[in-house]
Amino acid sequence: MIANAEFMAEHLLPFGWDTIVVDIQWYEPDAGTDGYRPVSDPVLDAWGRQLPAPERFPSAADGSFRPLADRVHALGLKFGLHMMRGIPRKAVELGVPILGAEATAAQIADRNNLCPWNPDNFGINHPVPGAQAFYDSQLALFAEWGVDFVKLDDVLYPPPQWDEIEAYSRAIDRSGRPMVLSLSPGKHLSHEHLERLRQTSQMWRVSDDLWDEWPQLREMFQRAARWAPHQRPGAWGDADMLPLGRIGIRAHVGDDRLSRLTPAEQCTMLTLWCMMRSPLMFGGHLPDTPAHTLELLQNPRVLALLESDVSREAVRDGNLVIWTSDTGTSGPLRCFGWGTSRRRSR
């Protein structure tokens, strides 16, 4: 984490990249490398809130990410975390109390509302007294740590988990600390939800997980065209991480590798993301970034397209796609997601 933060501060902060995000399962002592364990064993406090695994984050030996966040902030950067929606199964099994409520974890859990791909949590039964209090306590803890950005996962698969999203958004408002809320993943996400997304979050994924394969990148052209006209300051459709540089170090998709996208495909990807005004998240290990990829991330002419408010697809005819844009103001932000991979907005 620190090596990546230092690299970002030295080489990318002058170009607007400013947020470091700790990715999925930072609370798991043994998260594995090729899939999620059927029974998770997160580090929890007495109130059922996830704490950083000290075996993986030695500076968090006292149960707090504050020392790591302070080091990131000292570099002029912001600090973010990935979170799964819901309440840890372990907290439910132990029946721990909810901070600020008379309820227990077992009483607020919705055991029928499960993530289809990660077994860490149960959903939350939000009409039950004490349900909101769990998220309020979780975000209050994040505020104590100095968290600036939260990616909330497994909330946009159809149908969106609006109870979870709105409860989380309220908890951020009550935390007393401004935090960007990023929603994910956006498989089959419809414009029907646009106003509600804008009211509850600052960015939301418009695709499922994206990896370093040309067919997936090619498919993003039609999504970019649909969402570009709806981008607004502080409310951004997110085209997902940029799978560039050295990726897959501990990923659930593929082995440790340099991105399989060619230099031309990488140039196409970054240009499309900037034309669309998507938030930019770099998913690779920054110190190992090849020179040609780093040059893309530092290209001021391309990054300036993020400031445009008139980017649009002008031509689509078979394999010919042409976009037009002009530079302006109020674009989204650039950051780095460390872990399995991910990103953010200004």
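Residues numbered from 1 in each chain as written. Predicted model: local features only at pLDDT ≥ 70, side-chain atom pairs only at ≥ 80, totals over all residues. Heavy atoms only, no water.

**Student:** Break down the side chain of Glu28 for me, with residues and values.
**Tutor:** Inspection of the secondary structure assignment puts Glu28 in the loop between strand E1 (17-22) and helix H2 (66-74). Judged by relative accessible area, which is 1%, Glu28 ranks as buried. Side chain to side chain, Glu28 and Arg37 meet in a polar contact 3.2 Å long. A polar atom in the side chain of Glu28 sits 2.8 Å from the backbone nitrogen of Asp41. Those residues in contact with Glu28, other than ones at most four positions away along the chain, are Arg37, Ser40, Asp41, Pro42, Ala53, Arg56 and Asp120. (Helix = DSSP H or I, 4+ residues; strand = E, 2+ residues; numbered from the N terminus. Buried < 20%, exposed > 50% of the residue type's maximum accessible area, 1.4 Å probe, protein only. Polar contact = N/O pair within 3.5 Å; in protein donor to acceptor, adjacent residues only side chain to side chain. Contact = heavy atoms within 4.5 Å.)

**Student:** Describe in detail the packing of aromatic side chains, supporting the description with residues and values.
**Tutor:** Ring pairs (aromatic) are described by centroid distance and by the angle formed between their planes. Per the counting criterion, the structure on display carries eleven aromatic pairs. When the centroid spacing of 6.0 Å and the interplanar angle of 75° are considered together, the rings of Trp26 and Trp145 count as edge-to-face. On the criterion of sequence distance, the pair formed by Trp26 in the loop between E1 and H2 and Trp145 in helix H5 (residues 131-145) is long-range, its members being 119 residues apart. The interplanar angle of 70° and the centroid separation of 4.8 Å between the aromatic rings of Tyr135 and Tyr168 together place this pair among those described as edge-to-face. On the criterion of sequence distance, the pair formed by Tyr135 in helix H5 and Tyr168 in helix H6 (residues 162-175) is long-range, its members being 33 residues apart. Since its relative accessible area comes to 0%, Tyr135 is described here as buried. (Phe/Tyr/Trp six-rings, centres within 6.5 Å; stacked < 30°, edge-to-face > 60°.)

**Student:** Provide a residue-level description of the pattern of salt bridges, including the pertinent values.
**Tutor:** As enumerated under the stated definition, the model contains 19 salt bridges in all. Residues Lys78 and Asp18 are paired through a salt bridge, measuring 3.0 Å at the closest nitrogen-oxygen approach. Of this pair, Lys78 sits in strand E2 (residues 78-84) while Asp18 is found in strand E1, placing the two residues 60 residues apart along the sequence. The exposure class assigned to Lys78 is partly exposed, which follows from its relative accessible area of 31%. Between Arg177 and Asp148 there is a salt bridge, with the nearest N and O atoms lying 2.7 Å from each other. (Salt bridge = Lys/Arg side-chain N within 4 Å of Asp/Glu carboxyl O.)

**Student:** Describe in detail the state of the cysteines, supporting the description with residues and values.
**Tutor:** Taken as a whole, this structure holds zero disulfides when the rule is applied. Take Cys274: it sits in no disulfide, and the sulfur closest to it among the cysteines is that of Cys267, at 10 Å. (Disulfide = S-S within 2.5 Å.)

**Student:** Mind laying out the sheet that holds strand E4 (residues 109-114), listing which residues take part and the relevant values?
**Tutor:** Pairing is antiparallel in the open sheet, where three strands are placed in the order E3-E5-E4. The open sheet terminates on both sides in strands that have one partner only, identified here as strand E3 (87-88) and E4. Sheet topology places E3 next to strand E5 (residues 121-124); two bridges connect them, and they run antiparallel. Bridged to Ile87 within E5 is Phe122. (Pairing = 2+ DSSP bridges.)

**Student:** Run through unusual backbone geometry, naming residues and quoting values.
**Tutor:** With an omega of -5°, the peptide bond between Pro158 and Pro159 qualifies as cis. Structurally, Pro159 can be placed in the loop between strand E6 (149-153) and H6. Backbone torsion omega between Ser184 and Pro185 reads -20°, so that peptide bond is classified as cis. Here Pro185 is to be found in the loop between strand E7 (180-183) and helix H7 (194-200). With phi around 65°, Gln25 is a residue other than glycine that occupies positive phi space. Checked against the element boundaries, Gln25 lands in the loop between E1 and H2. A positive phi angle, near 65°, is found at Asp154, a position not held by glycine. In this structure Asp154 comes out as buried when scored by relative accessible area, which is 3%.

**Student:** Outline the packing of H5 against H6, supporting the account with residue identities and numerical values.
**Tutor:** Packing of H5 against H6 brings their axes to within 8 Å, and their N-to-C directions diverge by 45°. With respect to their mutual orientation, H5 and H6 come out oblique. The two elements H5 and H6 meet at a crossing, and its hand is right-handed. Each of Gln132, Tyr135, Asp136, Gln138, Leu139, Ala140, Phe142 and Ala143 in H5 lies in contact with H6, whose residues at this interface are Glu164, Ala167, Tyr168, Arg170, Ala171, Ile172, Arg174 and Ser175. Per-class residue counts for the contact of H5 with H6 are nine nonpolar, three polar and four charged. (Axes fitted to C-alpha atoms, helices over the stretch in contact; angles between N-to-C directions. Parallel < 35°, antiparallel > 145°, perpendicular 65-115°, else oblique. Left-handed = near helix turned anticlockwise from the far one by under 90°. Nonpolar A, V, L, I, M, F, W, Y, C, P; charged D, E, K, R; others polar.)

**Student:** A description of empty space enclosed by the protein should follow, citing residues and the corresponding values.
**Tutor:** One pass over the full model with this rule turns up two cavities of 30 Å³ or more. Looking at the largest cavity, its volume works out to about 40 Å³. What lines the largest cavity is Met84, Arg85, Asn113, Leu114, Cys115, Asn118, Asn121, Phe122, Gly123 and Asp154. Of all the secondary structure elements, the ones that give two or more residues to the lining of the largest cavity are E4 and E5. Ranked by residue count, the leading element in the lining of the largest cavity is E5, at three residues. Among the residues forming the lining of the largest cavity, the class breakdown is four nonpolar, four polar and two charged. (1 Å grid on protein atoms, 1.4 Å probe; cavity = no way out; pocket = protein on both sides within 12 Å on 5 of 7 lines; lining within 4 Å. Points joined across faces, edges and corners; volume = space filled by probe spheres on them.)

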